[in-house]
Amino acid sequence: MKTKIFRVKGKLLDVDKVKPFTRELKGIKEEDIQEKLYSEFGSKHRLNRDQIIFEDISEITADEVTDPVVRDLI
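Values in this document were obtained by computation on a predicted structure and should not be read as measured data. (Residues numbered from 1 in each chain as written. Predicted model: local features only at pLDDT ≥ 70, side-chain atom pairs only at ≥ 80, totals over all residues. Heavy atoms only, no water.)

Q: So what about the overall build of the protein? Which residues, and what values?
A: Across its full length, the protein carries two helices and three strands. Reading the protein from its N end, one meets helices and strands in the order β-β-α-β-α. Across its three principal directions, the C-alpha atoms of the protein cover 35 × 25 × 20 Å. Here the protein holds 74 residues, and the buried ones make up 31% of them. (Helix = DSSP H or I, 4+ residues; strand = E, 2+ residues; numbered from the N terminus. Buried < 20%, exposed > 50% of the residue type's maximum accessible area, 1.4 Å probe, protein only.)

Q: Outline the side chain of Glu40, listing residues and values.
A: Secondary-structure assignment places Glu40 in helix α1 (residues 30-45). A distance of 2.3 Å separates the side chain of Glu40 from the side chain of Arg23, its partner in a polar contact. (Polar contact = N/O pair within 3.5 Å; in protein donor to acceptor, adjacent residues only side chain to side chain.)

Q: Please set out the pattern of salt bridges residue by residue, giving values where relevant.
A: Two side chains that carry opposite charge are able to pair once their charged atoms sit near each other. Summed over the entire model, instances satisfying the criterion amount to five salt bridges. A salt bridge links Arg49 to Glu35, with the nearest nitrogen and oxygen atoms 2.8 Å apart. With a gap of 14 residues between them, Arg49 in the loop between α1 and β3 (52-60) and Glu35 in helix α1 connect regions that are remote in the sequence. (Salt bridge = Lys/Arg side-chain N within 4 Å of Asp/Glu carboxyl O.)

Q: An account of the pairing of strand β1 (residues 4-13) is requested, with residue identities and associated values reported.
A: Direction of pairing for β1 relative to strand β2 (residues 18-27): antiparallel, over a ladder of 10 bridges. Bridging from a neighbouring strand, Arg7 pairs with Glu24 of β2. Note: β1 against β3, eight bridges, orientation antiparallel. Residue Ile5 lies in a different strand from β3, and its bridge partner there is Ile60. (Pairing = 2+ DSSP bridges.)

Q: Give a description of the nonpolar core that names residues and reports values.
A: If you look at soluble globular proteins, the nonpolar side chains tend to sit buried side by side. Within the largest apolar cluster, 13 residues are counted, with the highest numbers of intra-cluster contacts made by Val8, Phe21, Leu37, Ile52 and Phe54. Every element with two or more residues in this core is listed here: β1, β2, α1 and β3. The biggest single contributor to this core is α1, with four residues. When neighbours within four sequence positions are excluded, Leu37 is seen to be in contact with Val8, Phe21, Arg23, Leu25, Gly42, Ile52 and Phe54. (Core = buried A, V, L, I, M, F, W, Y, C linked by side-chain atoms within 4.5 Å. Contact = heavy atoms within 4.5 Å.)

Q: An account of the side chain of Arg7 is requested, with residue identities and associated values reported.
A: Relative to the elements of secondary structure, Arg7 occurs in strand β1. A polar contact of 2.8 Å, which involves the side chain of Arg7, links it to the backbone oxygen of Glu64. Contact partners of Arg7, with chain neighbours within four places excluded, come to Thr22, Arg23, Glu24, Asp56, Ile57, Ser58, Ile60, Glu64 and Thr66.

Q: Could you give an account of a negative patch on the surface, with specific residues and numbers?
A: Taken together, Glu30, Glu31, Asp32, Asp56 and Glu59 make up a surface patch of like negative charges. Those elements that place two or more of their residues in the negative patch are α1 and β3. Broken down by element, the negative patch gets its largest block of residues, three residues, from α1. Along the chain, Asp32 turns up in helix α1. (Patch = residues over 30% accessible without salt bridge, like charges linked within 9 Å, V, L, I, M, F, W, Y side chains within 5 Å. Areas by Shrake-Rupley, 256 points an atom, 1.4 Å probe, with all protein chains shown as cover. Lys, Arg positive; Asp, Glu negative; His and termini not counted. Charge placed at Lys NZ, Arg CZ, Asp CG, Glu CD.)

Geometric values such as these leave the question of function open.
Pasting the structure below:
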């Protein structure tokens, strides 16, 4: 299976404020990316799934990648 690059935009609902986020990740499908982010944000920020809101998950090309870590994986 071929991996794709996804750009995810959303919000983290913290106790006292809303924090926007944008991440670029490699994965096979959108559901894999969502599970990865649920796991990561839950672990690092102690957030529940209902506190993580995905606004946009879009597939991008290798030329559109801005994250240096993802760019090195290509």
